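What the coordinates show
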Amino acid sequence: MCLAIPARVAELLDNDGAVVELGGVRKEISLALVDGVGVGDYVIVHVGYALNRLDPEEAEKTLQLFAELGESLT
């Protein structure tokens with residue numbers, strides 16, 4: 001099973017790199033597959049690559065659903 005998650009771009013790096021943040025965790029990813037991404041944008045991340053940009057409202061809805069799912073499992 002594969003999982004791609006929305007994450008907010010916190011920092012742009014050289015060579016199509018970026019740092020994304022999700023729940024206080026920061027991770028370096030590649031933006032090589034997506035054009036026009038800026039700081040504050042949300043991207044769908046899978047195995048260290050941004051696959052596409054995501055509407056901020058949709059990203060927040062998805063993250064809220066993940067949070068609710070996590071709470072129901074505890």
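Conventions adopted
Residues numbered from 1 in each chain as written. Predicted model: local features only at pLDDT ≥ 70, side-chain atom pairs only at ≥ 80, totals over all residues. Heavy atoms only, no water. Helix = DSSP H or I, 4+ residues; strand = E, 2+ residues; numbered from the N terminus. Rg over C-alpha atoms; globule rule 2.2 N^0.38 Å. Buried < 20%, exposed > 50% of the residue type's maximum accessible area, 1.4 Å probe, protein only. Contact = heavy atoms within 4.5 Å. Pairing = 2+ DSSP bridges.

**Here's the deal with the overall build of the protein chain**
Secondary structure summary: the protein chain contains 1 helix and 5 strands in total. Order of helices (α) and strands (β) in the protein chain, N terminus to C terminus: β-β-β-β-β-α. The C-alpha atoms of the protein chain give a radius of gyration of 12 Å, which matches the 11 Å a tight globule of 74 residues would have. With respect to the three principal axes, the spread of C-alpha positions in the protein chain is 40 × 25 × 20 Å. Buried residues in the protein chain amount to 28% of all 74 residues. Long-range contacts, defined here as pairs at least 24 residues apart, represent 34% of the contacts in the protein chain between residues at least 6 apart.

**Here we look at the pairing of strand S4 (residues 42-46)**
Among the 5 residues of S4, 4 are classified as buried, and the element is accordingly described as predominantly covered. Summarising the sheet, strand S1 (residues 5-12) and S4 pair through 4 bridges and their orientation is antiparallel. Looking at S4, one finds that Arg-8 is bridged to Tyr-42. Summarising the sheet, S4 and strand S5 (residues 49-54) pair through 5 bridges and their orientation is antiparallel. Counted as the bridge partner of Val-43 is Arg-53 from S5.

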